[in-house]
Amino acid sequence: MTIFSPITEHIKQQLLTQLCDCLEDGLFILDANLRYMSANAAYEMMIGYQEAFLIGRPLGVYAVDFLPDVERDIFLSVAEHLDKDGFYENNFSIATRYGQTLNCHMTFRKLDLASKVYYVGMVRDTSAVTKDKEELIHLLNFNQDTGLPNRKVFLSQTSDLLLESYQEVAIARFNIDRYRMLASTLGTDKVTTLLNLFVKRINDLKLTHLRCFSHFGGDDFALSFELTDTRMVRHQINSLMQMCERPFSLDGNVIYLRISVGVSYFPEHGTQLSTVLSKAEKALNYIKQNGGDDVGWYREEINYVCIDSLQLEAELRTAIDECQFIPYYQPKITLATGEITGFEALVRWQHPTRGLLQPVDFIDAIITYKLSFDLFCQMAIQIAEQLSAWQAIGFTQHICINADAAEFTHPEFLEFIVTLFDQHCMYPHQLHIEITESSLMLNHLSVKQQLVALKALGVCLAMDDFGTGYASLSYLQEYPFDFIKVDRSFISKIVDDHIQYAIVKAILELANALDMKVIAEGIETDEQWQLLLDIGCTYGQGYLFSRPLTAEDATTMLMRRA
Ligand code: C2E
Ligand code: MG
Ligand code: MG
């Protein structure tokens, strides 16, 4: 059995000294005047000063200049607390020699030894914990993409506003038009960059009386304003809309963002936040269903017009089953002679209760509910039947059909087209397919393969809305297009705006070089027609020649011209 020998005072002192030096917490000893007498290695590491430098210097003397006022005052009053209670603890931010700020928990004890007063300080670095806590708070309250307050914060701040406010409060909800398409075209990283540019622009507007600007997620945003005057909010919303008229530049590409906004007022439209918010959302949905790019001010009638999304999906499926989608035909004209060279088929929905609906009312929903291919088939069959009917009365025509990427990439797409030609004894060149620029970006490779296969079958291909999308000019070279359709936005300004004129001219030259033909969309005036002829544009479409017509009216037009 080993004999127990008690520790000597000397060994004990040495062990305690060693322990102090390998502790992770900082330790230091101060004299009665709060001057350093000793500091352990951990403390030296934390603040970046050696013990030799600190000895004799007063606590915090090197740091007070860097600290915020509140903390500096606490620091300077440590002695007072210690004298009174003999113990003091608090969370501090301490400034290090290298200018960083450490968040830490400090404990001070007053000790008496041999009639002398000493203060012992113990410092624990809580930066990591504080950082985690801050991150958690951020995660729970802010949108991670834009850093704006999230829905929860919006609801809490705005309900406080309703309680506090003696004024009116306006709530605006807004979405980016065709965001789903934009997001799938650009990809997650780029769309996040774009959202941040968008948010920065809104912040730069410095909207007055704005109380909360929130990002609910995706393209879903909200604003709350405290009003002194209802005209004022109209002014603010107008500046928001005008801001969108300037394009965004992303990696050298130009992108236009359009937004739809819905606005409601407290207390006029309700005294509960949930009611006022849902009315702003109804106004927003109303605008979206009517083509977007506008502001909806809540009115009671909107309630009757809006259909909720569940109902919309059910109605769309019924519409596919019951063949409620029909083509309208807009003639394409040879500009030099005014003759009809073909037609573009534009879908219309013969809604059983809401009348004839335009594509803006439902095309986005068709894509969302993955009904694009069903719509394409329904349209294509009717178009093929129309071509046969015209053929039977002596008119050989071609018809363009619009298609988006979701239709193209459908596995049965090509087989369907081949069967369609067989069953209706159609020539492949009688069918033209129009694809928008933005569709090309999506699923690049498979879209390209399908286009090449269609081209091999003899189908003509047109790039629609040229100039509005994200695709670069190089796509023209890469894909086998026969036609470029210059977007209406260029044509509408071609007479008065020399830049738009120059762009259209350049597109014509480019098309010429690539052996493609150009169709100008949306010609509405004789001046536009003449100018396009002068610069060598071959084909055109627009209300000047004809609006989209029913099959019957298109037939009458053909017969009259013949
Ligand atoms: P788009 O293919 O660029 O069609 C041209 C649009 O401009 C049509 O609108 C047409 O009615 C309109 N338009 C033609 N001339 C003029 C003009 O002189 N002035 C003005 N202001 N507008 C004119 P619509 O029929 O509302 O179609 C809108 C878009 O919906 C089409 O643009 C096309 O992208 C899409 N769309 C139409 N039918 C279908 C379809 O069957 N399938 C798919 N996927 N999309 C379709
Ligand atoms: Mg088109
Ligand atoms: Mg177009």
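Read on for a plain summary of the structure. (Residues numbered from 1 in each chain as written. Chains lettered and ligands numbered in written order. Predicted model: local features only at pLDDT ≥ 70, side-chain atom pairs only at ≥ 80, totals over all residues. Heavy atoms only, no water.)

This brings us to the packing of aromatic side chains. The full count for this structure, using the stated rule, is 24 aromatic pairs. A centroid spacing of 4.7 Å and a plane angle of 15° characterise the contact between Tyr49 and Phe53, whose relative ring orientation is stacked. With relative accessibility at 13%, the residue Tyr49 sits in the buried group. Looking at Phe53, the relative accessible area reads 31%, which means it is partly exposed. One aromatic cluster is present, built from ring pairs that chain together Phe174, Phe198, Phe213, Phe221 and Phe248. Taking the ring centre of Phe248 as reference, the NZ or CZ of Arg201 above it sits at 3.8 Å. In this structure, Arg547 packs its charged tip against the face of Tyr543, placed 3.8 Å from the ring centre. (Phe/Tyr/Trp six-rings, centres within 6.5 Å; stacked < 30°, edge-to-face > 60°. Buried < 20%, exposed > 50% of the residue type's maximum accessible area, 1.4 Å probe, protein only. Lys NZ or Arg CZ within 6 Å of the ring centre and 35° of its normal.)

This next bit is on the coordination of the magnesium ion (ligand 2). Surrounding the magnesium ion (ligand 2) are the protein donor atoms Glu344 (OE), Asn402 (OD1), Glu434 (OE) and Asp464 (OD), which sit 2.0 to 2.3 Å from the metal. In primary-sequence terms, the residues that donate to the magnesium ion (ligand 2) follow E-x57-N-x31-E-x29-D. (Donors = N, O, S within 2.8 Å, 3.2 Å for Na, K, Ca; no water.)

The antiparallel open sheet is built from five strands, whose spatial order is 2-1-5-4-3. Both edges of this open sheet fall to strand 2 (36–39) and strand 3 (87–95), since each of them pairs with a single strand only. Geometrically, the sheet is characterised by an average inter-axis angle of 25° between neighbouring strands, direction not taken into account. By the bridge criterion, five bridges tie strand 1 (residues 26–30) to strand 5 (residues 116–125) in an arrangement that is antiparallel. Across the sheet, residue Leu27 finds its bridge partner in strand 5, namely Met122. (Pairing = 2+ DSSP bridges. Helix = DSSP H or I, 4+ residues; strand = E, 2+ residues; numbered from the N terminus. Axes fitted to C-alpha atoms, helices over the stretch in contact; angles between N-to-C directions.)

Our next topic: the nonpolar core. The biggest cluster of nonpolar side chains holds 78 residues, and the ones touching the most others in it are Leu316, Phe325, Ile433 and Leu451. Ranked by residue count, the leading element in this core is helix 15 (residues 372–392), at 10 residues. With 37 residues, the next largest nonpolar core counts Leu186, Ile202, Leu257 and Tyr265 among its residues. (Core = buried A, V, L, I, M, F, W, Y, C linked by side-chain atoms within 4.5 Å.)

This brings us to the site of ligand 1. Close to ligand 1 lie 22 residues; Arg348, Asn402, Asp464, Glu524 and Tyr543 are nearest. In the environment of ligand 1, an oxygen atom lies 2.9 Å from a nitrogen or oxygen atom belonging to the side chain of Arg348. Within the side chain of Asp465, one N or O atom sits 2.9 Å away from an oxygen atom of ligand 1. Its free accessible area being 800 Å², ligand 1 has 84% of it covered by the protein chains. (Near = heavy atom within 4 Å. Polar contact = N/O pair within 3.5 Å; in protein donor to acceptor, adjacent residues only side chain to side chain. Areas by Shrake-Rupley, 256 points an atom, 1.4 Å probe, with all protein chains shown as cover.)

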